[in-house]
Structures are given as C-alpha cells and as structure tokens.
Amino acid sequence: MYKNFLKNIRKKSKAINDMPVRAQEVLDYFQINNLTSGVPVVEILINLGFKIFQSELEPAGLSAYIAVDPKFESVYGSNKITCVHINDSVGHKKFALAHELGHYLFDFNESENLYYYNTYFPEKDTEEQEPNEKRANKFAANLLMPQDAFLNKYEEYKKLESKVDIVTALCRYFVVSPTAVIKRFDELGINNLQA
C-alpha cells in the first residue's frame, strides 16, 4: 500500500541534489517505465488518494494548489485535493501537478499534521525562490523528464532541422511544455543546440 511507500520516501534525504533519485523511486514504485505518452502524474496523485480539479484560479498567476484538510472528506470524498488552472496547457498542468506532488512528498507528513496547503506561482521561478520551491521544481523535472530518457531522446532528436523542432519533439514525447524542456536543457548542461 502507498502508505508504506510514503513513510519510506519521507525518511530519505530531501536534498535538492537527491531529487533525481527520489523521482526515480516514484516512477519505480508506480511501475512507470514507458514514457511515450508522458508520465501519468494524474494517475499517481489519484493512487495517492487525491481528487484533482481544474478551475479558473485566483489570484492572477496561480497555476495550481494542493491542500490536505479533513473537512474536504465530506465534500470531495477525500481529505486531499489539488487543482490546476483550467486555461493552462496540458504540459504546464502536468508540471504544476508534479511540482505539487513534490511538496506533498517532501514538505508534508500526515502522521504529524492534519493540514497542508501550498500554491504554485510559476512566475516566481527565480534564483531567489525558496529552497522548497527549487526542490519541488527539480523533483517535477526529474519525474516528468528523467535524465537518462531525456538525454536519449535528445540524442535521437538532435538531428532535426532546428532547435524549435528538437524542443517540439521532446515536448510531444514527454508531454510537457516548451518552457519545461528548455529549463531541462539548462539543468542538464545542454547548450549546444542548433539555432
């Protein structure tokens, strides 16, 4: 059952540099090894007991939130919900959900707390952001675009005509946004893209 998985992963290092390993542990636990249709982050959250919604979120710039609260049980049938902005692209929604999953795994523990709330404002993705936000971003990138798979696909696609074609092919394969792919290039030190 997933409660043992949560207990075990939460005992491990939460350092930002360990997020590739933590993301792989999530993929392994849910037996996700074929990424041709992207990582099913919605299924992962559902299997962890979340109800997932889409809505026009306020204030402006809010892409997603996650909440754990016992009062939700009577309304939603679960004490855990997450919501993404209905107008965001599918790739952005997936990243936002993976980001919030990172917060749930590493910033909350239901054996210690009944309540947890977190919001995701992607425009705040700067060097000055809080360490927990950087960690959640690193987890999300590694969950949705695991390093080995990303580098292998990059090698396959780098023969394409242009940088735009490479980014588009990677977006389609991993079902993520162009912004996520370009940031992944930076994280992995890929800077010799064709113009």
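In short, a report on the structure. (Residues numbered from 1 in each chain as written. Predicted model: local features only at pLDDT ≥ 70, side-chain atom pairs only at ≥ 80, totals over all residues. Heavy atoms only, no water.)

Relative orientation of the contacting elements helix α5 (residues 90-107) and helix α6 (residues 131-144) amounts to 120 degrees, with a least axis distance of 8 Å. It follows from the interaxial angle that α5 and α6 lie oblique. For the element pair α5 and α6, the recorded crossing hand is right-handed. Taken together, the residues of α6 that come into contact with α5 (itself represented by Lys94, Phe95, Ala98, His99, Leu101, Gly102, His103, Leu105, Phe106 and Asp107) are Asn132, Glu133, Arg135, Ala136, Asn137, Phe139, Ala140, Ala141, Leu143 and Leu144. (Axes fitted to C-alpha atoms, helices over the stretch in contact; angles between N-to-C directions. Helix = DSSP H or I, 4+ residues; strand = E, 2+ residues; numbered from the N terminus. Parallel < 35°, antiparallel > 145°, perpendicular 65-115°, else oblique. Left-handed = near helix turned anticlockwise from the far one by under 90°. Contact = heavy atoms within 4.5 Å.)

Below, the discussion takes up the pairing of strand β2 (residues 64-68). Counted residue by residue, β2 has four buried out of five residues, so it is predominantly covered. The pairing of β2 with strand β3 (residues 80-85) spans five bridges and is classified as antiparallel. Note on β3: the bridge partner recorded for Val68 is Lys80. With five bridges joining them, β2 and strand β4 (residues 116-120) adopt antiparallel strand pairing. (Buried < 20%, exposed > 50% of the residue type's maximum accessible area, 1.4 Å probe, protein only. Pairing = 2+ DSSP bridges.)

Below, the discussion takes up the pattern of salt bridges. Inspection of the entire model under this criterion finds eight salt bridges. For Glu25, the salt bridge is made with Lys12, and the minimal N-O distance between the two is 3.1 Å. Note that Glu25 is positioned in helix α2 (residues 19-29) and Lys12 in the loop between α1 (2-11) and α2, a separation of 13 residues in sequence. Assessed through its relative accessible area of 36%, Lys12 is described here as partly exposed. A salt bridge links Lys153 to Glu156, with the shortest nitrogen-to-oxygen separation between them at 2.9 Å. One end of the pair, Lys153, and the other, Glu156, are both in helix α7 (residues 147-157), three residues apart, so they sit about a helical turn from each other. Classification of Lys153 as buried rests on a relative accessible area of 16%. With relative accessibility at 42%, the residue Glu156 sits in the partly exposed group. The structure contains a network of salt bridges with shared partners spanning Lys12, Arg22 and Glu25. (Salt bridge = Lys/Arg side-chain N within 4 Å of Asp/Glu carboxyl O.)

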